[in-house]
Amino acid sequence: MKIKEIISKNNLKRLFRQYKGLGISISLILIIISIVMYIFPLTFSYISIWLFVISIFLVGLFDLFAFFFGNDHNKKVPYLLFKSIFNLAVSILIFIPLIINSVRYGFTNALVISSNDLLYWVILLFGFILMINGFNKIIKANMVVLLGGIKWVEITIGILYIVSGILVMFLPLNDTVTYLIYILATYLLIYGIIILIELLTSPTLKDFSKVIEPKKSKKHSKNEDIEGEVIDIDDYKKGE
């Protein structure tokens, strides 16, 4: 079996330019988000946590709809029904305190109270996961040696995980959330700047707005089409 594919250099350039335009947009969005996170760390955490809860609720509704009215692949799949009920139950249990607190204290105060309660459990779970990973690394340190790693490095990383988990769990909530948001914002800012510099310094970004018209190919021309041939390995071995 032989497959022949013709790849045009002009088409590749156009494709790269389209992707780089999207890459620049994404890098700028990352930089803007990181700046907003630096200025409003708690507000950003509140918005993020409720968007996550709303997304869980919507995914539960979508899965429930797919279970009853979806195609043959999804319809009447027990796991899909379980996942939809679980997501809906978790999101509703999170929304109930918000509704109750809204009646008691007003929506704005209730949103702050419920957000802090929710963030507390998220941070607690995050710290617990860090500690579990730390203990896991210490226990499996001997296995790393068999793979060519260094035992004391793995143990040190495990201890750092455990200490970080304890600090996350027992530091004041606002300080912990702000600290984690700053770390995430720094990562997004550096990552966005690196992507932006790489794309702006790329030579293929020149004349981005111009549409490249395919030219008539000549012999030994840069615009000539490239033919690539993929050969079945079984046929290749038989021919030897």
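Each remark here, short or long, concerns the structure printed above.
All values derive from a computational prediction rather than experimental measurement.

Quick notes on the environment of Phe57
Part 1 of the reasoning: Within the fold, Phe57 resides in helix 2 (residues 41-69).
Part 2 of the reasoning: For Phe57, a relative accessible area of 27% puts it in the partly exposed group.
Part 3 of the reasoning: Sequence spacing of Phe57 and Phe86 is 29 residues, and the spatial spacing of their C-alpha atoms is 9.6 Å.

Notes on the packing of aromatic side chains
Part 1 of the reasoning: This model, assessed by the stated rule, comprises seven aromatic pairs.
Part 2 of the reasoning: With centroids separated by 5.9 Å and ring planes inclined at 5°, the aromatic side chains of Tyr187 and Tyr191 adopt a geometry described as stacked. A residue pair is termed a helical-turn pair when its members lie 3 or 4 positions apart in one helix, as Tyr187 and Tyr191 do in helix 7 (residues 173-200) at four residues.
Part 3 of the reasoning: With relative accessibility at 41%, the residue Tyr191 sits in the partly exposed group.
Part 4 of the reasoning: Among the aromatic side chains, those forming a connected cluster through ring pairs are Trp50, Phe57 and Phe95.

With respect to the side chain of Ser91
Part 1 of the reasoning: Position of Ser91 among the secondary structure elements: in helix 3 (residues 78-105).
Part 2 of the reasoning: Overall, the relative accessible area of 1% leaves Ser91 in the buried class.
Part 3 of the reasoning: Not counting the four nearest positions on each side in its chain, Ser91 is found in contact with Val53, Ile56 and Phe57.

Here's the deal with helix 7
Helical periodicity: at 3.6 residues per turn, an α-helix aligns residues three or four positions apart in one direction.
Part 1 of the reasoning: Between its first and last C-alpha atoms helix 7 spans 40 Å; for 28 residues at 1.5 Å apiece the expected length is 40 Å, and the two agree.
Part 2 of the reasoning: Restricting attention to buried positions, one finds in helix 7 the residues Thr176, Val177, Thr178, Ile181, Ala185, Leu188, Gly192, Ile195, Leu196 and Leu199.

Rules and cut-offs
Residues numbered from 1 in each chain as written. Predicted model: local features only at pLDDT ≥ 70, side-chain atom pairs only at ≥ 80, totals over all residues. Heavy atoms only, no water. Helix = DSSP H or I, 4+ residues; strand = E, 2+ residues; numbered from the N terminus. Buried < 20%, exposed > 50% of the residue type's maximum accessible area, 1.4 Å probe, protein only. Phe/Tyr/Trp six-rings, centres within 6.5 Å; stacked < 30°, edge-to-face > 60°. Contact = heavy atoms within 4.5 Å. Expected span 1.5 Å × (residues − 1).

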